[in-house]
Amino acid sequence: MNGLISIGKIINFHGIAGEARVGYSSAARLEGAKKVKVKGRELTIEKLRFHKNFAIVKFAEISDINELLNYKGQSIYLEKEKVKETLEEEEYLIDDLVGLNVFDDKDDFIGTVESVAKSAGNDILSIKPQDERYGNVLIPFAAELVPVVDIKAKKIIIKPIKGLLPWD
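In this text the structure is predicted, and so the values were computed from the model without any measurement.

(A) Expanded view of a negative patch on the surface. A cluster of acidic side chains, namely Glu42, Glu79, Glu81 and Glu85, defines a negative patch on the protein surface. Of note, glutamate 79 is situated in strand β6 (residues 75-79).

(B) Geometry of the nonpolar core. With 22 residues, the main nonpolar core has Ile7, Ile10, Val22, Val36, Phe59 and Ile76 as its most contacted residues. Within the second largest apolar cluster, 17 residues are counted, among which are Leu100, Leu125, Ile127 and Ile158.

(C) Here's a closer look at the packing of aromatic side chains. One pass over the full model with this rule turns up three aromatic pairs. Geometrically, the ring pair formed by tyrosine 92 and phenylalanine 141 is edge-to-face, given 6.5 Å between the ring centres and 70 degrees between the ring planes. Residue tyrosine 92 is found in the loop between α3 (80-85) and β7 (101-104), and its partner phenylalanine 141 is found in the loop between β10 (137-140) and β11 (148-150); the two are separated by 49 residues along the sequence. Taking the relative accessible area as the measure of exposure, tyrosine 92 reaches 26% and is therefore partly exposed. The interplanar angle of 65 degrees and the centroid separation of 5.5 Å between the aromatic rings of phenylalanine 103 and phenylalanine 109 together place this pair among those described as edge-to-face. The side chain of arginine 21 reaches across the aromatic face of phenylalanine 54, ending 5.4 Å from its centre. One residue, lysine 155, lies across the ring of phenylalanine 103, its end atom 4.9 Å from the ring centre.

(D) Geometry of the pattern of salt bridges. Counting across every chain of the model gives six salt bridges. Here arginine 49 makes a salt bridge to glutamate 19, at a shortest N to O gap of 2.8 Å. Here the residue arginine 49 occupies a position in strand β4 (residues 41-51), and glutamate 19 occupies one in strand β2 (residues 19-24), the gap between them amounting to 30 residues. A residue is classified by how much of its surface remains accessible, and glutamate 19, at 11% relative accessible area, is buried. Through salt bridges with shared partners, a single network forms among Glu19, Lys47 and Arg49.

Calculation rules
Per chain, residue numbering runs from 1 following the sequence as it is written. With the structure being a predicted model, the display of local features is reserved for residues of pLDDT at least 70 and the display and counting of side-chain atom pairs for 80 or more, all residues being used for whole-chain, interface and lining totals. The side-chain numbers reported here are obtained from all heavy atoms of the structure, hydrogens and water having been left aside. Candidate patch residues must exceed 30% relative accessible area and have no salt bridge, after which like charges are joined if within 9 Å and Val, Leu, Ile, Met, Phe, Trp or Tyr side chains if within 5 Å. For accessible areas, the Shrake-Rupley method is used with a probe of radius 1.4 Å. Any residue's cover is judged against the shown protein chains and nothing else. The term salt bridge refers to a pairing of a side-chain nitrogen on Lys or Arg with a carboxyl oxygen on Asp or Glu at a separation within 4 Å. Charged residues are defined here as Lys and Arg on the positive side and Asp and Glu on the negative side; His and the ends of the chain fall outside this count. To locate a charge, the coordinates of NZ of Lys, CZ of Arg, CG of Asp or CD of Glu are taken. Labels follow the DSSP assignment, with helices taken as runs of H or I lasting at least four residues and strands as runs of E lasting at least two, numbered in each case from the N terminus. Nine residue types can take part in a nonpolar core, namely buried Ala, Val, Leu, Ile, Met, Phe, Trp, Tyr and Cys, and a core is a set of them joined through side-chain atoms within 4.5 Å. Accessible area is worked out with a 1.4 Å probe on protein chains only. A residue is then buried under 20% of its type maximum, exposed over 50%, and partly exposed in between. Planes of paired rings set the category: under 30 degrees apart is stacked, over 60 is edge-to-face and the rest tilted, where pairs are Phe, Tyr or Trp rings (Trp by its six-membered ring) whose centres lie within 6.5 Å. Comment: the charge-over-ring label is applied if NZ (Lys) or CZ (Arg) is within 6 Å of the ring centre and within 35 degrees of the ring normal.

Limitation: the analysis is restricted to geometry and does not speak to function.
Below, the structure is given as structure tokens:
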């Protein structure tokens, strides 16, 4: 969904009054959300509380369990700009890494982030190097290898280890 970011997922119903049990990525993001999109429909969060490892959400537009069952298993989306408003000082969206310039710890230009792939351990940065004969360089997005991400300066600094870069 363009311009939208998933902030949770409707796991199941909670009771018969149309409340949803929601798995979420950030309590602060969910608390800050007033209107969300689910299955392309805008829904208003009328009531929100947290119970165990889930959020219990009552949407104004849904009044009973039968209506809610249509949304079971669906992701809950918030506009990207609304999500950005909830980010802490050192937080950023993974999508914001694409296009950033990458330098090593000696300030030598390596290339530009072309994409970010999810993996079981760490996300993987795919960097298009300045010298294209090497093909894209894959760098695990781990704090030990990527100590600096400066979104404002559009710059990432990596700390290469032996064998990480094909030209080393």
